[in-house]
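Spelled out from the first residue to the last, the chains are:
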Amino acid sequence: QEAARELGFDAATARRLALETFAGSVQLAKHGGEDPSVLRARVTSKGGTTERALSAMDAGGLAAIVVRAARAAAARSRELGDELGKDEA
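Along every chain, residues carry numbers that run from 1 in the direction the sequence is written. Whole-chain, interface and lining totals are the exception, using all residues; otherwise, since this is a predicted model, local features are given only for residues with pLDDT of at least 70 and side-chain atom pairs are given and counted only at 80 or more. To obtain the side-chain values, all non-hydrogen atoms of the structure were included, while hydrogens and water were left out.

Asks: I'm lost on the pattern of salt bridges in this one. Help?
Replies: Any two side chains of opposite charge can pair, given that their charged atoms come close. The term salt bridge refers to a pairing of a side-chain nitrogen on Lys or Arg with a carboxyl oxygen on Asp or Glu at a separation within 4 Å. For the structure on display, the rule yields three salt bridges. The salt bridge involving Glu34 is made with Arg42; its shortest N-O contact spans 2.7 Å. Each residue gets one of three labels from its accessible area relative to the maximum for its type: buried under 20%, exposed over 50%, partly exposed in between, using a 1.4 Å probe on protein chains only. The exposure class assigned to Arg42 is exposed, which follows from its relative accessible area of 59%. The closest approach of N and O atoms between Glu83 and Arg76, which form a salt bridge, is 3.4 Å. On the basis of relative accessible area, Glu83 is assigned to the partly exposed category, the value being 41%. Overall, the relative accessible area of 37% leaves Arg76 in the partly exposed class. Taken together, the shared-partner salt bridges in this structure form one network comprising Arg76, Glu79 and Glu83.

Right under this line is the structure:
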């Protein structure tokens, strides 16, 4: 959404663009019956916009960031579970 705003879209259009992009990807992954990497390869044209975006994400270490975020959330979930368990004892 922020990127769309930086590219000149108004706030409502930027939000809709962001949400619809992710919603479409999720629907395709849920109902496509194939691994998401296969689906991604199908929509990624050599030298195209998706390829450029994916390259930028790779260069920025997005996959590692997502993994770190998931680990941090899981660790906090365990901490909260431990804290709540102590309250019940």
